[in-house]
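# Architecture at a glance
Here is how the chains run, residue by residue.
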Amino acid sequence: MASNDIAPNPNPEAREFRPFIPPEAQVPELTLRAVVLGVLFGVFFGAVSTYLGLRAGLTVSASIPIAVLAISIFKSLGKSSILENNIVQTTGSAGESIAAGVIFTLPALIFLGFPLEYSRIFLLAMIGGWLGILFMIPLRRYLIVQEHGNLVYPEGTACADVLKAGERGGNFAGRVFWGLGIGSAYKFLMDALGFWKGTPDYQPRWLPGASFRADITPEYLGVGYIIGPRTAGTLFAGGVLSWLVIAPAIKFFGGHFASPIYPSTVPIAQMSPDDIWASYIRPIGAGAVAAAGLLTLLRTIPTIVSAFTSGLRDFRKARAAGAGKTTFTDETLPRTQRDLPMTLVLIGSAVLAVFTWAILAFRYNSHAAWFSNILSSILVVLFGFFFVTVSSRIVGIIGTSSNPISGMTIATLMITCLFFLAAGWTTGVYGALAISVGGIVAIAAANAGATSQDLKTGFLVGATPWKQQLCLMIGVVASVTVVGFTVPFLNTAYSRFVPQHLTIASLNTSRPGPTTVPGVSIERLNYQLPAGVLHGVAQRNYWELNVIGSHTIPDGKYLYNPQTHAIEIQWVQGIGSQQVAAPQARLMATIINGLLNRQLPWALIFIGAFIVATVELLGVRSLAFAVGSYLGIGTTAAIFVGGVVRWLAERGRPQTAEGETSSGDLYSSGLIAGAAVFGLVAAGIAYMEATGKIAQGRFRIGPHFIGSLAHSNLFAVAVFVVLCVSLYRFGRKPLGS
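These numbers were taken from a predicted model, which means no experiment stands behind them.

## Examining the overall build of the protein
Helix and strand counts for the protein stand at 24 helices and 8 strands. The globule rule puts the C-alpha radius of gyration for 737 residues at 27 Å, and the 26 Å found for the protein is close to it. When its C-alpha atoms are laid out on the principal axes, the protein stretches across 80 × 60 × 50 Å. Taking all contacts inside the protein whose residues are at least 6 apart in sequence as the whole, residues at least 24 apart take part in 79%. Summing over all exposed atoms, the protein offers an accessible surface of approximately 28300 Å²; the carbon and sulfur share of this is 65%. Each charge sign in the protein was given a centre, from 48 positive and 33 negative side chains, and these centres are 3 Å apart.

If you want it as structure tokens, here you go:
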């Protein structure tokens with residue numbers, strides 16, 4: 001098809017636009033070194049984003065740090081082109097969006113009583129990631145090209161500015177490398193070697209049940225700086241309400257009851273602030289996040305409807321104009337107008353839909369009704385196309401960081417669960433099936449938003465679209481490889497075994513599956529505790545129990561001794577703990593349990609919902625507040641400090657525009673990446689301790705060198721203040737200096 005057959009562009013700004021590298025120019029782009037470096041960045045930032053998202057409940061864009069690092073690395077190796085640098089950031093940035101979609105949904109399997117298998121996360125994430133790219137391909141010409149000037153795509157535009165500055169000789173990588181070095185050293189000395197406390201904590205006697213604490217980590221400080229004081233303050237406000245208002249109130253009013261109050265199985269008088277958080281605050285926070293997510297969805301419905309109808313119109317225009325009918329080898333088209341062909345989109349989508357059905361029907365949900373897996377595959381395609389279209393357009397207006405992925409996922413889960421409920425499919429296997437559907441759709445929508453930003457960057461710098469689209473698919477495969485490993489790894493690393501003694505009269509079965517005790521099922525027989533994880537506990541064969549919805553035993557996993565007819569050990573999972581809170585995944589599990597099983601502490605859920613209603617009536621957008629009310633106050637306090645540092649650094653200076661980067665942003669990105677990498681190293685040490693491969697505390701040599709200072713709250717705070725000062729100094733430096 002000749003280029004003059006393309007439908008005319010009604011947008012004058014788009015017609016007159018000339019990219020940085022003109023279409024007729026031939027410069028190195030899809031080179032082996034660019035793809036390899038992009039894959040390495042995809043693996044690196046995929047692990048970093050997974051670690052950060054599971055701990056803090058949010059992720060930050062990786063495109064600009066990757067672009068900055070690519071420019072610096074290629075300059076050290078010799079000359080490179082702007083299009084090579086763009087290929088690196090395109091390939092590598094898939095890690096952050098895939099991680100966001102995964103950590104918001106798939107860890108819910110733990111809360112639903114299912115194992116987190118590497119293969120399940122890998123396959124579902126790859127399907128979702130590829131669907132997000134394929135569904136976006138026919139929309140590129142109209143969303144990115146024809147709507148240029150109308151749809152800003154702030155992160156994509158900012159990344160293009162960084163690439164152009166690098167081509168003109170600018171080099172900002174020093175700030176990222178400083179952050180990487182300082183963040184890595186700080187995190188390793190604190191978490192792995194134990195030179196100072198990671199969480200200074202003060203529990204005042206004058207306010208029982210309260211806890212003043214902060215997780216003084218570089219990644220939380222960097223996140224707070226990047227999201228800014230307003231969002232950081234809103235997150236912290238939610239934590240203040242939960243930990244300094246509701247928790248002390250529960251202790252005050254419930255402390256005189258001698259017996260436990262549901263959902264706790266321990267009297268309130270005997271509960272620490274962490275116990276109150278686990279039993280009462282967490283359900284309240286889940287209700288708050290659910291209500292805020294629904295309100296966000298309702299608020300964006302007009303935008304969603306407009307985005308989808310516009311997207312469909314663009315899709316029809318693209319077909320009428322011939323978008324996708326030509327192949328990427330068609331020499332009659334300008335280089336900057338060649339997409340992967342529409343036949344690949346259609347065939348690829350159909351193959352992925354069939355593959356989704358196959359892995360659900362024959363691997364992960366083989367016990368479900370045969371039609372349920374077919375229905376789930378159909379819902380994946382329908383919801384995937386709908387929300388990919390919505391996401392691709394919305395991020396052009398409000399940016400990727402404000403993309404309402406949680407609201408889209410909630411809508412997907414609610415409609416899916418209503419289908420299941422109407423069919424009478426309410427057992428546990430259908431909960432896992434629902435979260436599989438929601439997970440694929442969330443990953444597709446998140447990756448479509450990031451893909452749109454990358455293609456906008458490519459449009460501005462003069463990249464070849466099909467080469468970017470190919471590299472995005474390569475980046476998905478690279479990132480899901482590490483994301484699928486990181487999630488179960490962190491779950492095991494932060495899990496622990498706690499001695500318990502709960503007598504159960506009789507399970508009336510000796511086979512895996514449901515028992516006669518309500519809410520209790522046998523996961524597997526003949527489980528042996530890893531050697532050395534609990535001193536004084538003899539090795540024996542336990543039964544692994546999964547408890548969900550019991551009014552006498554808290555939800556979770558337990559080890560049951562069939563000889564004594566008693567639970568002897570609680571196996572506390574890492575995901576869901578304060579170290580790896582996974583708030584969005586907890587929300588998704590709450591929605592599924594509430595709709596399919598109706599097994600929830602509804603009073604606490606509604607308390608959280610009405611707290612959100614109160615916050616909305618005050619004129620505050622509630623989603624960040626709700627997430628803060630669910631997270632530990634240690635997390636939100638450290639994030640708030642980062643926001644305060646940004647406020648101080650930018651006083652008397654023009655505020656950074658949406659999507660624009662700054663010296664402090666780049667340094668913060670380095671802090672996050674460096675701390676996350678060595679956080680994973682510390683998690684590796686914890687993993688070996690949890691599995692009995694090394695002795696507990698073997699690497700914590702800090703107390704041997706500095707004595708009691710390693711346990712001092714004041715010393716830990718002093719070290720954190722030094723880190724804050726370093727961030728403030730970088731934040732004050734102009735980007736061009």
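Next comes the rest of the account.
## Digging into the side chain of Asp215
Relative to the helices and strands, Asp215 is located in the loop between β2 (212-213) and α11 (218-254). Lacking a salt bridge, the buried Asp215 has Arg55 as its closest oppositely charged neighbour, with an N-O distance of 5.4 Å. A distance of 3.3 Å separates the side chain of Asp215 from the backbone nitrogen of Thr635, its partner in a polar contact.

## Remarks on the packing of aromatic side chains
Scanning the model with the defined rule gives 28 aromatic pairs in all. Judged by centre distance (6.2 Å) and plane angle (40 degrees), the ring pair of Trp206 and Phe212 falls under tilted. Of the residues examined, Trp206 reaches a relative accessible area of 61% and is grouped as exposed. Taking the relative accessible area as the measure of exposure, Phe212 reaches 32% and is therefore partly exposed. These aromatic residues form a ring-pair network of at least three members: Phe41, Phe44 and Phe45. Cation over ring: Arg586 sits above Phe111, and NZ or CZ is 3.9 Å from the ring centre. Over the aromatic face of Phe730 sits the side chain of Lys733, whose NZ or CZ is 4.5 Å from the ring centroid.

## Quick look at the sheet that holds strand β3 (residues 496-503)
Within a sheet, each strand pairs with its neighbour through backbone hydrogen bonds, oriented either parallel or antiparallel. Spatially, the 6 strands line up as an open sheet ordered β3-β8-β7-β6-β5-β4, and their pairing is antiparallel. At either end of the open sheet lies a strand with only one pairing partner, and these are β3 and β4 (513-514). Bridge count for β3 against strand β8 (residues 566-572) is 6 bridges, and the pairing is antiparallel. By the bridge assignment, Leu502 is partnered in β8 with Ile567.

## Notes on the pairing of strand β5 (residues 520-528)
Relative to β5, β4 runs antiparallel, the two sharing 2 bridges. In the strand pairing of β5, Pro514 is matched with Ser521. Between β4 and β5, which pair antiparallel and follow one another directly, the connecting turn spans 5 residues, one of which, Gly519, has a positive phi of 85 degrees. Of the strand pairs in this sheet, β5 and strand β6 (residues 541-547) are connected by 6 bridges, and their pairing is antiparallel. Bridged to Ile522 within β6 is Leu545.

## What about the pattern of salt bridges?
All told, the structure shown has 16 salt bridges when counted by the stated rule. Here Asp191 makes a salt bridge to Lys187, at a shortest N to O gap of 3.0 Å. Separated by 4 residues within a single helix, Asp191 and Lys187 lie in helix α10 (residues 173-192), roughly one turn from each other. A relative accessible area of 23% means that Asp191 is categorised as partly exposed. Note that Glu544 is salt-bridged to Lys557, the shortest N-O span being 3.4 Å. On the criterion of sequence distance, the pair formed by Glu544 in strand β6 and Lys557 in strand β7 (residues 556-561) is long-range, its members being 13 residues apart. On the basis of relative accessibility, which here comes to 7%, the residue Lys557 falls in the buried class. The network of salt bridges with common partners includes Arg55, Lys187, Asp191 and Glu219.

## Details of unusual backbone geometry
With omega at 10 degrees, the peptide bond leading from Tyr262 into Pro263 counts as cis. Along the chain, Pro263 turns up in the loop between α11 and α12 (273-321). A positive phi is found at His565, a non-glycine position, where the angle reads about 55 degrees. Positionally, His565 belongs in the loop between β7 and β8. According to the relative accessible area criterion, His565 is partly exposed, its value standing at 39%.

## Remarks on the pairing of β8
In terms of residue burial, β8 counts as a mostly covered element, since 7 of its 7 residues are buried. As paired strands, β7 and β8 are joined by 5 bridges and run antiparallel to one another. Directly across from Tyr560, in β8, lies its bridge partner Ile567. The antiparallel hairpin formed by β7 and β8 contains 4 residues in its connecting segment, where His565 sits at a positive phi of about 55 degrees.

Conventions we followed
Residues numbered from 1 in each chain as written. Predicted model: local features only at pLDDT ≥ 70, side-chain atom pairs only at ≥ 80, totals over all residues. Heavy atoms only, no water. Helix = DSSP H or I, 4+ residues; strand = E, 2+ residues; numbered from the N terminus. Rg over C-alpha atoms; globule rule 2.2 N^0.38 Å. Contact = heavy atoms within 4.5 Å. Areas by Shrake-Rupley, 256 points an atom, 1.4 Å probe, with all protein chains shown as cover. Lys, Arg positive; Asp, Glu negative; His and termini not counted. Charge placed at Lys NZ, Arg CZ, Asp CG, Glu CD. Buried < 20%, exposed > 50% of the residue type's maximum accessible area, 1.4 Å probe, protein only. Salt bridge = Lys/Arg side-chain N within 4 Å of Asp/Glu carboxyl O. Polar contact = N/O pair within 3.5 Å; in protein donor to acceptor, adjacent residues only side chain to side chain. Phe/Tyr/Trp six-rings, centres within 6.5 Å; stacked < 30°, edge-to-face > 60°. Lys NZ or Arg CZ within 6 Å of the ring centre and 35° of its normal. Pairing = 2+ DSSP bridges.

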